[in-house]
Structure formats: C-alpha cells, structure tokens
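Now for the letters of each chain:
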Amino acid sequence: MANQSTNKLMDKIVSLAKRRGFIFQSSEIYGGLNSCYDYGPLGVELKKNVKELWWKSMVYERDDVEGVDASILMHPRVWEASGHVEGFTDPLIDCKICKSRFREDKIDTSKPCPVCGNRDSFTEARSFNLMFKTFMGPVEDSANVVYLRPETAQGIFTNFHNVREAARQKLPFGIAQIGKAFRNEITPGNFTFRTREFEQMEMQFFVKPGEDEKWFEYWMQTRMNWYERLGLKKSKLRFHEHGPDELAHYAKAAFDIEYEFPFDWQEIEGIHNRTDFDLGRHAQYSGKNMNYFDEQAQGKYIPYVIETSIGCDRSVLTTIIDAYEEEEERVVMRFAPSIAPIKAAILPLVKKDGMPELALKIRDDLQGNYRVFYDESGAIGRRYRRQDEAGTPFCITVDNETMENNTVTLRYRDSMKQERIAASQIKTYLADKLKF
Ligand code: ATP
C-alpha cells in the first residue's frame, strides 16, 4: 500500500510530467478540473506511439482482426442491453464526519476513515451509476437522455455483422478499437491511473462456442507478450485471476494483467471470456438476428467473445513509471526506443564553425520520418541531460571531427557511451534501432 516514499516517487513523476510536457492538469489556469488531464508535446507523442504499437500488433500484423471507430454517443437501448443502465454501479459510502466518499470495495470499513481517522463513521453503501448522462437535441427530458459511453466494446458488438460482411471475415476473427470512454468514478486518483475521461484500446475476438477456452489462453499469452514489446520490466507484471466474487455476471473467466505501481499492484488490462452474453443481449433488445452461420458446421450459433481491454492512459502512465530512474547525476527516462517521444536529438557541439548548418541538414534529413529535436543552446553535457529526462534514446553530435571526415558522435541514453558513425549511416542505423 502507499506510504511516504511511494507518494514521494509519484510526486516526482507528476512534477517531471508537468515540467517536461508529458501531462498537465486540465484547465489548470482555472484551478484545474479534478481527474481530467491534458497531454503535452512529449506526452502526446508517447501516447501516439503506445497506440500505434497496440494497433500494429493487434491489426497490422494479423489478418484476423479488423479495425473500427464507433461514435461515443450510441442509442440508449445499447446500454440497457449491455446491462450498464441497471448494473454499472459501484458501492458508494460516505464518512459521516468528514464527508469523504469511498468505494466500499476499495477500502476496509472495519478500519478508521483514511481521511479523518474516525471509527465507525461510514454510511451504508448505496449503488452509484458511473455513466455520464447528457441530452440529445434541445429538450432536456428523459426521452432525450443519451450516455457518454463507459466502454468502447459496445460499438464493436453492434457492428459485428457490418464489419464481418464488409471485410468478408469468417470466425474466428476480431474487431479492434481505440477510443474515449467516460466513467463518473467515485474515487479517481493516482494521477492518470483512474480518471473520469480516458481512452481504451479494446479488441473483441468472436469464436465458435467450445473453442473459447483455447482462444482465451491464446489471448492471455499474446497480450502479456505485448508488454515486453512495450519495454516494461517483466518482474513488474503478473496475472491476477478473478475469483468467483470478482467475476462479472456475464463472464466465464477473467484474468487481469497487473503492474506493480508505486502505490500497489493494480490492473492495466482485463482479458475476459464474455461467452455469448453481449451478442445474445443485443439480439434480444434490438430484435435483430445476431447469429453466425457456420458454413463448415452447417449450423447457426451466437459467437462467444474473448475480450482484451486495456486503458490507453493507464498504460502510458505505466510506461512513464517504468521508465523513470534516478541516478547519481541524472534522471533518465528509459523508454523503449519504439515508444520514446523523441527518437533522436541533433546537437552541434558549438554554435560556430559550420556545425549548426551541418546539424540542421541532418535534422532536415531525419524529420518527416521521426520526431527529432534540434538543440544548440547550453553546454553539451546539460543538453544530454535534458534529453535523458525526455527519454530520447540517441543523441547525434556534430563536432570538429565531423567537419573533417563527416562522422558524428552517437551517444546512447542508457549507457551514456559514445561512438563515431558516418553521417551517411545515421538513417539506416536509426531505422534498425527503432523497429517495433
Ligand atoms: P476497476 O475495477 O479498476 O474500476 P474495471 O475492471 O472496471 O476497473 P474494465 O472495465 O475492465 O476496468 O476496463 C478495462 C481497462 O480500462 C482497465 O484495465 C483500465 O486499464 C482501463 N480503465 C478502466 N477504468 C478507468 C479509469 N477510470 N481511468 C483510466 N483507465 C481506466
């Protein structure tokens, strides 16, 4: 559980995130909006790279997963069918003394209130629906209520036949989506770990009933392997199996992939065997046929669904925490090169003798392919440190020798080692190092 030193570590990470332009508090000049965040210049690149890496592994590298981008607002009946109107609730309790609110399932109510320290001060639990409501059109009445989607999955289920027919897919196949979701969380917190607006990266894999357990196993392993590609430390990842008390009513099996955050082991992704619950419910509520005709088996059935559901913002936070390292003379963000916001910094040793011109030529040659950064101000050591803190894996320095033989100094972020390579080799070299 969180103690002073883990809080200190999170404080340092939050402060670096702001200072270096990874993540800012939303609406900061107005005092901020609780649990909403904005990504700055480095954060937006990091997040884009995480999304691309997910999309690449889930869609581009296979031929059995198609993409979709569904709208956030959906027909309100969708949320009745999915069970969210009735059951997407958390148990809310209040402290009668200090009025703080908690999720009953996240604290130990036999202990004193964690905010004011009073004992036996909690109210009975009440169910609190986490969906944000708004109105469609000018009239604000119950007939016009729509919801901001609390998950992206339903836009996949409702498009099952559309995607299958348009892409001429046969079972087993999946549909992937990246998009915003909204939950009116009772206790948001730990920076971007739990927010009220966030992005999800979800994939629903449709399979023949009876083949679901095999595919569940497959996706568990495939998804765990992805985190190694993301560069996370293996020792900080583990599976957590949902016991009978934790299992959602529709799920036959569920595993979370957890990461050891400074505050605790916590979920970053859920892998669920959702059976035929979702398509079955949409068939019931929409009156449309959600069966799949299996040519091989010459029969019809409602497919089972294996879901992999990961929070994009939560995984970006995980990469930031995992990358953060304090050394004696520097703070270094050890992002995997493939997700690093800036791939290379180009630095003329001094601002004279033709070095800036040559360095700018190298920069021009690289940008367009990669996010690179040109910096000519300050001592070279300080410029290296600035790049270490931004997580830039390579620095390319144009120096006196460059002017003589057209070689540059290549400096590695992780080892701080330096070597000389021909300027003409930079592009090939980076292409090799930055492969996903
Ligand atoms: P929890 O029990 O922590 O509320 P959950 O089990 O409801 O989470 P899912 O519905 O399985 O979460 O959502 C899938 C993923 O979406 C989670 O693993 C997480 O990465 C992300 N996610 C869910 N809620 C939030 C949130 N409020 N803020 C940021 N990411 C979230």
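Quick look at the structure, then. Throughout this description, residue numbers start from 1 for each chain and increase along the sequence as written. Given that this is a predicted model, residues contribute local features only at a pLDDT of at least 70 and side-chain atom pairs are listed and counted only at 80 or more, while totals for whole chains, interfaces and linings are drawn from all residues.

### What to know about the sheet that holds strand β21 (residues 394-398)
We count it as follows: Strand pairing follows a simple DSSP-based rule, namely that at least 2 bridges must link the two strands. Strands are runs of DSSP state E lasting at least 2 residues, helices are runs of H or I lasting at least 4, and numbering of each runs from the N terminus. For helices, the axis comes from a line fit to the C-alpha atoms of the stretch in contact; other axes are also lines fit to C-alpha atoms, and the angle between any two N-to-C directions lies between 0 and 180 degrees. By the convention adopted here, residues are in contact when the distance between their C-beta atoms, placed from the backbone, does not exceed 7 Å.
Strand order in this open sheet of five strands is β20-β19-β21-β22-β23, and the pairing throughout is mixed. Of all strands in the sheet, those bounded by a partner on one side alone are β20 (372-374) and β23 (418-422). Going from strand to strand, the sheet's axes swing by 25° on average, the running direction of each strand aside. Alignment of strand β19 (residues 344-348) against β21, held across five bridges, turns out to be parallel. Paired with Ala344 across the strands is Phe394, a residue of β21. Strands in contact with helix α10 (residues 355-366) are β19, β20 and β21; relative to β19, the strand with the most contacts, it is inclined by about 160°.

### With respect to α10
For clarity, the threshold we go by: Between the first and last residue of a helix there are one fewer steps than residues, each counted as 1.5 Å, and that sum is the expected span.
Here α10 is twelve residues long and its end C-alpha atoms lie 17 Å apart, about the 16 Å a rise of 1.5 Å per residue gives. Against β19, β20, β21 and α13 (426-433) lie the buried residues of α10. The first or second residue beyond α10 is Gly368, which carries a positive phi of 105°.

### Observations concerning the site of the ligand
Worth spelling out the cut-off: Using a C-beta atom placed from the backbone, a residue is described as near a molecule or strand when that atom lies within 6 Å of it. Think of it as three bins: nonpolar holds Ala, Val, Leu, Ile, Met, Phe, Trp, Tyr, Cys and Pro, charged holds Asp, Glu, Lys and Arg, and polar takes everything else, Gly as well.
In the neighbourhood of the ligand, 16 residues make up the surrounding shell, with Phe198, Gly270, Ser309, Gly311 and Arg314 lying closest. Counting only elements with at least two residues in the shell around the ligand, the list comes to β10 (197-207), β13 (264-275), β16 (304-311) and α9 (312-323). At four residues, β13 tops the list of elements feeding residues into the shell around the ligand. Taken together, the residues of the shell around the ligand break down into three nonpolar, five polar and eight charged.

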